[in-house]
Amino acid sequence: MRPVSLDVGWGRLAGLHWPAADGPHALCLHGWMDNAASFRPLAERLPGLDMIALDFAGHGHSDHRPAGTHYYFMDYLFDLDRALDELGWDQCILVGHSLGAGVAYTYAAMAPERVDRLIL
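Below is a short write-up of the structure. (Residues numbered from 1 in each chain as written. Predicted model: local features only at pLDDT ≥ 70, side-chain atom pairs only at ≥ 80, totals over all residues. Heavy atoms only, no water.)

1. Re unusual backbone geometry
- The phi torsion at Ser98 lies on the positive side, around 55°, for a residue other than glycine.
- Examined against the element boundaries, Ser98 turns out to sit in the loop between β5 (92-96) and α3 (99-110). (Helix = DSSP H or I, 4+ residues; strand = E, 2+ residues; numbered from the N terminus.)

Dropping the structure here:
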């Protein structure tokens, strides 16, 4: 596992990366009161995935949103889209828990061409 930091325009989103050279890409999205580290036990059991657990804005090691802005649900969708662009991933498996599940299934409806599988 190694840390990852992605530029999403307004700041940086942090995360944890469990690389697997030939494995499918999986992006994990945590719940409201969690952070990327909540996916550690799962990642250890799925060594064949090129897996990144992302910290949402203001969570874990990610930047807080700029002063005067908000944490609206829709903004998480735009952050997710920018994160995938920054990673260079055209498509991935989305894994979501709680808030992350809501973001994942809404994103899958918004950009189905970018989501190979959805695990909630």
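2. Thoughts on the sheet that holds strand β2 (residues 12-18)
- The strand order across the open sheet built from 6 strands is β1-β2-β4-β3-β5-β6, with neighbouring strands paired in mixed fashion. Looking at strand neighbours, the two that pair on one side only are β1 (2-7) and β6 (115-119), the edges of this open sheet. Taking the axes of each pair of neighbouring strands and ignoring which way they run, one obtains an average angle of 25° across the sheet.
- Bridge count between β2 and strand β4 (residues 50-54): 4 bridges; the pairing is antiparallel. Residue pairing across strands places Leu16 opposite Ala53, the latter belonging to β4.
- Strand contacts of α3: β3 (25-29), β5 and β6, with the helix running at about 150° to β6, the strand carrying the most contacts. (Pairing = 2+ DSSP bridges. Axes fitted to C-alpha atoms, helices over the stretch in contact; angles between N-to-C directions. Contact = heavy atoms within 4.5 Å.)

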